[in-house]
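What follows is each chain in one-letter form.
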Amino acid sequence: RDSPSAAAYRRCATFSCVRPCASRHLGAMADAHVSSRDVDEHISSLKQCKIISEDAVKALCEKAKEILMEESNVHHVPIPAVVVGDIHGQFYDLLELFDVGGQVPSVNYVFMGDFVDRGYYSVETFLLLLALKVRYPDRITLIRGNHESRQITQVYGFYDECLRKYGSGNVWRDCTEIFD
């Protein structure tokens with residue numbers, strides 16, 4: 001007879017990625033100077049394609065870094081899960097994906113990278129995914145793609161978009177630190 005953990009292992013898919021340890025992060029959210037209420041407000045604003053303040057981005061990125069640094073590079077993703085390829089800043093396609101595939105936290109999602117560049121809404125796209133990751137770390141898996149690097153984002157538009165929308169490179173710097 002299998003142990004409960006062995007049975008759970010067979011019900012999961014394995015991905016090499018960045019993944020949370022457990023939902024314990026939600027209880028510790030206040031430690032990173034961002035509450036679950038703050039994150040819910042950020043998600044609501046971002047779903048309306050409104051940017052959040054630079055201070056909010058910094059706090060969100062700091063919390064996300066805490067979560068991501070504790071994650072294993074190889075882990076199990078509970079199934080069923082919706083696996084999503086390159087989004088490249090196509091914000092309204094991302095919203096449509098959630099409408100069709102199901103809203104977080106009801107559905108598990110694995111995002112296979114390339115969140116930014118090329119589209120007009122890379123900032124809103126990436127920040128929405130990051131906010132969802134912080135709010136529901138056990139439901140969102142983010143895998144870094146080749147566009148999640150300083151060099152590529154300076155060539156393909158994410159850097160310029162951050163400058164245009166925030167007036168400085170601070171948001172770009174905060175976001176690219178997540179990629180590291």
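Parameters and conventions
Residues numbered from 1 in each chain as written. Predicted model: local features only at pLDDT ≥ 70, side-chain atom pairs only at ≥ 80, totals over all residues. Heavy atoms only, no water. Buried < 20%, exposed > 50% of the residue type's maximum accessible area, 1.4 Å probe, protein only. Helix = DSSP H or I, 4+ residues; strand = E, 2+ residues; numbered from the N terminus. Pairing = 2+ DSSP bridges. Right-handed = clockwise from strand over helix to strand, strands pointing away. Polar contact = N/O pair within 3.5 Å; in protein donor to acceptor, adjacent residues only side chain to side chain. Contact = heavy atoms within 4.5 Å. Axes fitted to C-alpha atoms, helices over the stretch in contact; angles between N-to-C directions. Parallel < 35°, antiparallel > 145°, perpendicular 65-115°, else oblique. Left-handed = near helix turned anticlockwise from the far one by under 90°. Nonpolar A, V, L, I, M, F, W, Y, C, P; charged D, E, K, R; others polar.

Where burial is concerned, the two faces of strand β4 (residues 108-111) agree: the one with Asn108 and Val110 and the one with Tyr109 and Phe111 are both buried. Pairing of strand β3 (residues 81-84) with β4, which is carried by four bridges, proceeds in the parallel orientation. From the neighbouring strand, Val84 faces β4, where its bridge partner is Phe111. For the crossover from β3 across helix α5 (residues 91-101) to β4, the handedness is right-handed. Sheet topology places β4 next to strand β5 (residues 140-142); three bridges connect them, and they run parallel.

With that settled, the discussion passes to the side chain of Thr153. Within the secondary structure layout, Thr153 lies in helix α7 (residues 150-156). Relative accessible area serves as the criterion here: at 0%, Thr153 is assigned to the buried category. Polar side-chain contacts of Thr153 include one of 2.9 Å to the side chain of Trp172. In this structure Thr153 touches Val116, Asp117, His147, Phe158, Tyr159, Trp172, Thr176 and Phe179, once residues within four positions along its chain are discounted.

It is the contact of helix α6 (residues 122-135) with helix α9 (residues 170-179), at a shortest axis distance of 12 Å, that shows an interaxial angle of 55°. On the basis of their axis angle, the class for α6 and α9 is oblique. Here α6 and α9 pass one another in a crossing that is left-handed. Each of Phe126, Leu127 and Leu130 in α6 lies in contact with α9, whose residues at this interface are Cys175, Ile178 and Phe179. Residues that form the contact of α6 with α9 fall into these classes: six nonpolar, no polar and no charged.

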